Amino acid sequence: MIPITKMDFGPEDLAAIQRVLESGWLVQGREVQKFEESIAEFCNVPYAVAASSCTASLHMALKALDVGPGDEVIVPAFTWVSTASSVEHCGARPVFCDISLDTFNIDAEQVESLITPRTVGIVPVHLFGLFADLSKLQSIADRHGLWMLEDAACALGSAQNNSAPGQSTAGACFSFHPRKSLTTGEGGMLVTRDSALAERCRRLRNHGAQASDFQRHQSKGGFRLTTFPEFGFNFRMTDLQASIGNSQFNRIDELLDGRRRCATLYNTALADLSWLTGPPEPTGQRHSYQSYVCLFSPEHPERDLSNLNRLTEQRTALQSTLEEHGVMTRQGTHAPILLDCFAEKYDLKPEDFPGATIADSLSIALPLYPGLSSNDLQTVIDELKQFGDAAGLPSTKQRAA
């Protein structure tokens, strides 16, 4: 079976964990501090705040931006559920904006029409490692006095005009889930240029405490508990997680290059399949390829969704066939506007978000990870082409004719 992803661990990762166990300090200590410093330098920002997950990072950053009841925050309609649920957990309302099928990212052209007197910010997502159109979004945000917080869960190693996430906005939040470019098992990180935002997030992740346990134990009088200026959360990253992150970061270029190698081979081999549209990499962008997500489109998906059920059945048949032949796939991600928790609360209709609805039904993620062998990658390509031939799906030449 060729999995959708496979973690790349070695003896150096095991040794890193052992060092933490032997040190006797397991939570938010030196390893976490070192990991924060490495990610901040990698992104060319002065501050990084580690947390237990990217969802936690988003949640504490939104709270630090004073998002609360009565506020509205614009988010994409096609993204992992936590982008919107983080807003929800602040007591605010996520306002969904449809996406562009060309990029799977938020459609900047539609954002301005969603702004109301209650809107306080925008959370663009760099989905699958491709930057959203930050320049256009920033122009809109500036006109209306809004902040922007980047959901960069998939975007470690991505860049736009040589700028990493977090350089031009309030901040950016990364994920270190096992499917990401660098993993700590679970884990997240906020990067920012805003010292006040970073400082408040450091308190919020640690129950609202003025000083961490690590800071107390490094100073005299550490037996005294610190003060708690505000309510917070338990969003701390462990040193066990950070030790894996530090070990993996030592070969971050190798991990990112391995993903780009696979993506380049896919791009070349699948170029003649008109029924499968691969991910773009626009000029000025560096795609980190956290996932290689295509759009299944043997015919043009109609914006009125009239042919969506038929196309969805074909995509399901493709994925089932690949699974039977030992190749695992996934849909790219889901559209929160189709999930009961949001659809019922806000009376959301699929036809109001055609791009997200189509992406939910027709996106397909192919196996991609640094250790994917050329033979296994070729197997994926061969299986795709064999399915297309058997199903009578048109080649580029046939469609052009």
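Let me begin by describing the structure that accompanies this report. Predicted model, so just to flag it, every value in this text is computed and none were measured.

Cut-offs applied
- Residues numbered from 1 in each chain as written.
- Predicted model: local features only at pLDDT ≥ 70, side-chain atom pairs only at ≥ 80, totals over all residues.
- Heavy atoms only, no water.
- Helix = DSSP H or I, 4+ residues; strand = E, 2+ residues; numbered from the N terminus.
- Rg over C-alpha atoms; globule rule 2.2 N^0.38 Å.
- Buried < 20%, exposed > 50% of the residue type's maximum accessible area, 1.4 Å probe, protein only.
- Contact = heavy atoms within 4.5 Å.
- Areas by Shrake-Rupley, 256 points an atom, 1.4 Å probe, with all protein chains shown as cover.
- Lys, Arg positive; Asp, Glu negative; His and termini not counted.
- Charge placed at Lys NZ, Arg CZ, Asp CG, Glu CD.
- Disulfide = S-S within 2.5 Å.
- Salt bridge = Lys/Arg side-chain N within 4 Å of Asp/Glu carboxyl O.
- Axes fitted to C-alpha atoms, helices over the stretch in contact; angles between N-to-C directions.
- Parallel < 35°, antiparallel > 145°, perpendicular 65-115°, else oblique.
- Left-handed = near helix turned anticlockwise from the far one by under 90°.
- Nonpolar A, V, L, I, M, F, W, Y, C, P; charged D, E, K, R; others polar.
- Pairing = 2+ DSSP bridges.

Of regular secondary structure, the protein chain possesses 15 helices and 12 strands. Over its C-alpha atoms the protein chain spans a radius of gyration of 22 Å, differing by no more than 12% from the 21 Å that the globule rule assigns to 401 residues. C-alpha atoms of the protein chain, sized along the principal axes, occupy 80 × 55 × 35 Å. The buried share among the 401 residues of the protein chain stands at 56%. A separation threshold of at least 6 residues defines the contact pool for the protein chain, and within that pool the share at least 24 residues apart is 72%. Carbon and sulfur atoms make up 50% of the accessible area of the protein chain, which totals about 17300 Å². Charged side chains of the protein chain number 34 positive and 48 negative; the gap between the two group centres comes to 6 Å.

Counted by the stated rule, this structure contains 0 disulfides. Free cysteine Cys43: the closest other cysteine sulfur is in Cys173, separated by 11 Å. Cys154 supplies the cysteine sulfur nearest to Cys97, a cysteine that is in no disulfide, at a spacing of 18 Å. For Cys97, a relative accessible area of 1% gives the class buried.

Applying the stated criterion across every chain yields a total of 17 salt bridges. Between Arg200 and Asp66 there is a salt bridge, with the nearest N and O atoms lying 2.7 Å from each other. Taken as a pair, Arg200 in helix H7 (residues 195–204) and Asp66 in the loop between helix H3 (54–64) and strand E2 (72–76) lie far apart in primary sequence, 134 residues in all.

Now for the packing of helix H10 (residues 252–269) against helix H14 (residues 374–391). For any two helices packed against each other, one specifies the crossing angle of their axes together with the interaxial distance. In the contact formed by H10 and H14, the axes pass within 11 Å of each other and the chain directions differ by 30°. Taken as axis vectors, H10 and H14 run roughly parallel relative to one another. By crossing handedness, the relation of H10 to H14 is classed as right-handed. Contacts from Arg261, Cys262, Leu265, Tyr266 and Ala269 of H10 reach H14 at Ser374, Leu377, Val380, Ile381 and Lys385. Its residues assigned to classes, the contact of H10 with H14 shows 7 nonpolar, 1 polar and 2 charged.

The subject of this paragraph is the pairing of strand E7 (residues 171–175). Among the 5 residues that make up E7, 5 are buried, leaving the element largely enclosed by the rest of the structure. Of the two faces of E7, both are covered, the one formed by Gly171, Cys173 and Ser175 as well as the one formed by Ala172 and Phe174. Sheet topology places E7 next to strand E8 (residues 188–192); 4 bridges connect them, and they run antiparallel. Its bridge partner being in E8, Cys173 is matched across the sheet by Leu190.

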